[in-house]
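Chain and residue survey
Each chain, letter by letter, is given below.
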Amino acid sequence: MSRFLCEKFSSLEAYTPGEQPQGMKYIKLNTNESPYPPSPKTIAAAGMEAEKLNLYSDPESKLLKQRLAERYGVKYENVFTSNGSDEILQFFFMAFCSERDVAYPSISYGFYPVYAELFGCKSTVIPLKDDFSVDSGDYEGINKNIVIANPNAPTGLCLTMAQVEKIVTSNPDNIVLIDEAYVDFGGDSCVELTKKYSNLVVCMTFSKSRSLAGGRLGFCFANEEIIKDLEKIKYSTNPYNVNRMTQACGVAAIEDDGYYMDNAQKIIKTREYLTEEYRKLGFYVLDSKANFIFAKHNSISGAEFYRELRACGILVRHFSKAEIKDFVRISVGTMEDIETLVIKTKEILSKRFV
Ligand SMILES: *Cc1c(COP(=O)(O)O)cnc(C)c1O
C-alpha cells in the first residue's frame, strides 16, 4: 500500500479470482467457464469489428440491446448492458445500496461483500440452512435491499420463481437483484417478473453458458426507471463500457443462440454424469442446477483434494471459509475432461484406503 491510498480503502479486502494459468498446462475446472469455444460466427464477428477499433464503441449498445430484448421478450428500455455482469453488481451497490442496508446469503458470490465494503454499504449477511440452501423466508418483509444468486454459487442450489416473487412483493420499498449467471443450466428464470414489479433487477452474463468470459459481457432486465439509474452511473464512470468487439460478439451469440443452448444441455448431461459418479465414490454432492458441482468426501479434506487434483493436472476451486472448507467446487468441462477427473479421483481415493 502506498502512503497515498485513501484511509477508507486501507482495510478493503479485494475479490480473489480463481487461478488463470496461461497456456494449457491444466484441465481447467476452477472458474466455471464454458469448455466449448464461441461459435464460428461469434469469432468471425470479433475479427470483422477489429477493423474499426479506431472508433469508439456505441455507448448505447443499440443492436445488442435490441437482440437481447427480442430474445428475452422484454422491451428495449428494460435492458442494460455492461462490461461483465460484475459491472452491473458494482453499479447496483453504488447506485442503490450506499444509503440503505443490503442483505445477501453468507455463502454466495464473493463479490457481494467486496462491493458492499467498497461503497460503504451496511450489509446483513444471512446464513444458509443446514442443507446449504437459501431460506427464502429469511428475506421476506425484511425492508432491506436484497441480492441473491439463483442458482446460488458455489452451491448450485435454486429458489423457485414463486419464492423469489414472495421476496420481491414483501419488500416493496426495496430493490431486489437476482443474479442469474447460471440460469441456463436448469434454474427458473425470473425475467418475466421484471415486467410485473418495479423493484426487481434480473442480471445475466455471457461468461458461462455463452462461452464469452474473456469478452466481458453482462446484461440485466428491470423497470425503465431502474435502467435509467444504471445508465446514469455508467455515463458517470465509463460510457463506452462495452467495447466494439464484445458488442459484435454478443449480437452474433444471440443470433447463434441454438449453438449455446445446445452446449448448455451437454453441460447439464455431463453434470448429471459427474454427480452420479461422485456419489458412487462416496462424495456428498449438492443437487446443482449450475455448470459446476459442489462436493465433499469424508476421507479427504477439501484443501487436500484440491492439491492432489492439482498435482494430477486438474484445477478445481477450494474456498477456505470455515463452513465450506470441506468442499471443492468443480466446473463441468467436456465429457472427456470429466472422465479424466473421475479416473484421477478414483486414484486419489484408493491411495487413502490402503
Ligand atoms: C461468474 C459470475 C458472475 C460474473 O460474471 P461476469 O464474468 O462478470 O459476467 C456474476 N455472478 C455470479 C454468481 C457468478 O458466478
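Provided above is the structure to which this section pertains.
Below is a summary of the structure that appears in this document. (Residues numbered from 1 in each chain as written. Predicted model: local features only at pLDDT ≥ 70, side-chain atom pairs only at ≥ 80, totals over all residues. Heavy atoms only, no water.)

Considering the pairing of strand E5 (residues 145–149)
Among the 5 residues in E5, 5 count as buried, and that is most of the element. Taking every second residue as pointing to the same face, both faces of E5 are buried, with Asn 145, Val 147 and Ala 149 on one and Ile 146 and Ile 148 on the other. In this structure, strand E3 (residues 102–105) lies alongside E5, joined through 2 bridges in parallel fashion. Residue Val 102 lies in a different strand from E5, and its bridge partner there is Asn 145. Relative to strand E6 (residues 176–179), E5 is paired through 4 bridges, and the arrangement is parallel. Each bridged residue has a counterpart across the sheet, and for Ile 146 the counterpart in E6 is Val 176. With helix H5 (residues 161–169) bridging E5 and the parallel E6, this β-α-β connection has right-handed handedness. (Buried < 20%, exposed > 50% of the residue type's maximum accessible area, 1.4 Å probe, protein only. Helix = DSSP H or I, 4+ residues; strand = E, 2+ residues; numbered from the N terminus. Pairing = 2+ DSSP bridges. Right-handed = clockwise from strand over helix to strand, strands pointing away.)

Brief notes about the nonpolar core
Within the largest apolar cluster, 47 residues are counted, with the highest numbers of intra-cluster contacts made by Leu 68, Ile 148, Met 204, Phe 206 and Phe 221. Elements supplying a minimum of two residues to this core: helix H2 (62–72), E5, H5, E6, strand E7 (200–205), strand E8 (218–222), helix H7 (244–255) and helix H8 (257–280). In terms of domain composition, this core takes at least three residues from each of domain 1 (9–36 + 258–349) and domain 2 (40–256). Discounting residues that sit within four places of it in the chain, Ile 148 has contacts with Pro 105, Tyr 112, Val 134, Tyr 139, Leu 159, Ile 167, Leu 177, Ile 178 and Asp 179. (Core = buried A, V, L, I, M, F, W, Y, C linked by side-chain atoms within 4.5 Å. Domains from an automatic or database assignment. Contact = heavy atoms within 4.5 Å.)

Some points on the sheet that holds strand E12 (residues 327–331)
Reading across from one edge, E9-E10-E12 is the order of the 3 strands in this open sheet, with antiparallel pairing throughout. With partners counted over all chains shown, the strands left at the sheet margins are strand E9 (284–285) and E12, one partner each. One ladder, built from 2 bridges, connects E9 with strand E10 (residues 292–296); its direction is antiparallel. The residue bridging Val 285 from the neighbouring strand is Ala 295, located in E10. In the packing of H8 onto the sheet, the strands contacted are E9, E10 and E12, and the crossing angle to E10 comes to about 10°. (Axes fitted to C-alpha atoms, helices over the stretch in contact; angles between N-to-C directions.)

Overview of the packing of H2 against H7
Where H2 meets H7, the closest approach of the two axes is 9 Å, and the angle between their N-to-C directions is 25°. Relative to H7, H2 is oriented roughly parallel. At the point where H2 passes H7, the crossing takes the left-handed sense. Of the residues in H7, those touching H2 at Leu 63, Leu 64, Arg 67, Leu 68 and Arg 71 are Gln 247, Gly 250, Val 251, Ile 254 and Glu 255. The residue makeup of the contact of H2 with H7, split by class, is 5 nonpolar, 2 polar and 3 charged. (Parallel < 35°, antiparallel > 145°, perpendicular 65-115°, else oblique. Left-handed = near helix turned anticlockwise from the far one by under 90°. Nonpolar A, V, L, I, M, F, W, Y, C, P; charged D, E, K, R; others polar.)

Shape is all these values report; function is a separate question.
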